[in-house]
Amino acid sequence: MVRFKGFDFVEGGVCAAKGFTAGGVIAGIKPGNTTKRDLALIFSTERCRTAALYTTNKVKGAPILISKEHLKDGYARGIIVNSGNANTCNPDGIDIARQMCELAARELEVDSTDIIVGSTGVIGQRLSIKPVKNAISPLVKSLSENGSSYACEAIMTTDTRKKEVAVEFDLDGVKCRVGGISKGSGMINPNMATMLAFITTDVAINAELLEKALRKVNSLTYNMVSVDGDTSTNDTLFLMSSGLAKNKEIICEDKNYEIFENALYAVMMNLARETARDGEGATKLIECVVSNAPDEKTAKSVAKSVVSSSLVKAALFAADANWGRILCAIGYSDAEFDIDEVSVELASINGKIKVCENGAGVEFSEKTAKEILLEDEIKILVDLNAGESGAIAWGCDLTFEYVKINAEYRT
């Protein structure tokens, strides 16, 4: 995890903030699934101000449409989520998503419009409500202040590890927390949020600033991740605020708002980074750091272009310092700058080496470069020498295993 001064990592994930419980059970939604949790629930004792972001894909999963409908008033108390089936492109998808909310609401004794929903898995395969109906009572009974890891497990598909982070910090002497869980390993090139991510906080903050913080931090974190260049139909990001920390409510962009925004960044950046690390078949985390850009938009475009390049990703899988591919990706990014001013360095815990300066190659030791690139965390440092702005993007290498996983995804 990347640590930040003033923010302490704590246990609890999505349950770290006051008022939240979570759980996950085996519902058998995926055919033959008898050993892995596939139905999750996050619940708050309070109605929470809730901000949301969704996929920009024109094809949208039914859960997104129902969640948008239920969040028209800006409040929610619970999130029900299934894995194993995306509930997308189905003739009865809307009805199934609505029923999932109704089943959870009835068991929790709350209004169904206070429940929002997410689904992930195979697209275009009908989702039966029967396993959800059979599992809803055990699911609600599984709710616990220690249930974040179970919920995290239940939302995983091809993920190989849980993605769960929480931080604690002070607002005028009041202890506050932000925590979250997310899933995602393939079909990842977010243009809004991520695959599925659920963030909770006990900070009291008004609705406008809650959404503003989410949008800004998302643009610096999840939107800067690419595994395979595909944007999912079900990308969903929810941020729920219980307000139970009892801090003085944040109503303007003051010092406390800045602290909250930074706490949100600490959580979301680490979740996004772990998403890239856990890319399908990945063996390496790639971090592209762009510096001295003319503006932030240019820096972001260049960084995302590099980590999204299949040729760059394949070269790094082989620990090949093929810097020409990096410069190629920089060159086709949607940005304006002088390529003759660009320099590139490769780095890891084994050291750093310059491979390009002023848009042209420089002599370097291939042996040293390979030793640097054999590590499981690689940095590509791009200096545009054109200003003072910067950006970071995260990706992973492209391996034989990625093809295998996706060739056999339904089987």
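Placed above this text is the structure.
Residues numbered from 1 in each chain as written. Predicted model: local features only at pLDDT ≥ 70, side-chain atom pairs only at ≥ 80, totals over all residues. Heavy atoms only, no water.

Counting 71 residues, the largest nonpolar core has I199 and I380 as its most contacted members. Considering each element in turn, this core owes the most residues, 11 residues, to helix α6 (residues 255-277). In contact with I199, other than residues within four places in its own chain, are V178, G179, G180, Y222, L237, F238, L239, M240, L264, V267, M268 and L271. Counting 28 residues, the second-largest nonpolar core is a separate cluster that includes L39, A104, V117 and A135. (Core = buried A, V, L, I, M, F, W, Y, C linked by side-chain atoms within 4.5 Å. Buried < 20%, exposed > 50% of the residue type's maximum accessible area, 1.4 Å probe, protein only. Helix = DSSP H or I, 4+ residues; strand = E, 2+ residues; numbered from the N terminus. Contact = heavy atoms within 4.5 Å.)

In this section: the pattern of salt bridges. Between side chains of opposite charge, a pair can form as their charged atoms come close. Using the criterion set out here, one finds 19 salt bridges in the structure. Across the salt bridge formed by D114 and R47, the nearest N and O atoms sit 3.2 Å from each other. Here the residue D114 occupies a position in the loop between α2 (93-108) and β5 (115-122), and R47 occupies one in strand β3 (residues 39-54), the gap between them amounting to 67 residues. Judged by its relative accessible area of 7%, D114 falls in the buried class. Two residues, D170 and K175, come together in a salt bridge whose shortest N-O distance is 3.4 Å. (Salt bridge = Lys/Arg side-chain N within 4 Å of Asp/Glu carboxyl O.)

What follows deals with the state of the cysteines. All chains considered together, the criterion is met by 0 disulfides. Summary of cysteine pairing: C89 is not part of a disulfide, and the nearest cysteine sulfur, belonging to C101, is at 19 Å. There is no disulfide at C176, and the cysteine sulfur nearest it, in C48, is 14 Å away. (Disulfide = S-S within 2.5 Å.)

Look at helix α8 (residues 310-317) against helix α9 (residues 323-331): their axes get within 9 Å of each other, and the N-to-C directions meet at 155 degrees. Classified by the angle their axes make, α8 and α9 are roughly antiparallel. Crossing of α8 against α9: the hand is left-handed. When α8 is examined against α9, the residues L311, V312, A314 and A315 are found in contact with a partner set consisting of R325, I326 and A329. The class makeup of the residues in the contact of α8 with α9 is 6 nonpolar, no polar and 1 charged. (Axes fitted to C-alpha atoms, helices over the stretch in contact; angles between N-to-C directions. Parallel < 35°, antiparallel > 145°, perpendicular 65-115°, else oblique. Left-handed = near helix turned anticlockwise from the far one by under 90°. Nonpolar A, V, L, I, M, F, W, Y, C, P; charged D, E, K, R; others polar.)

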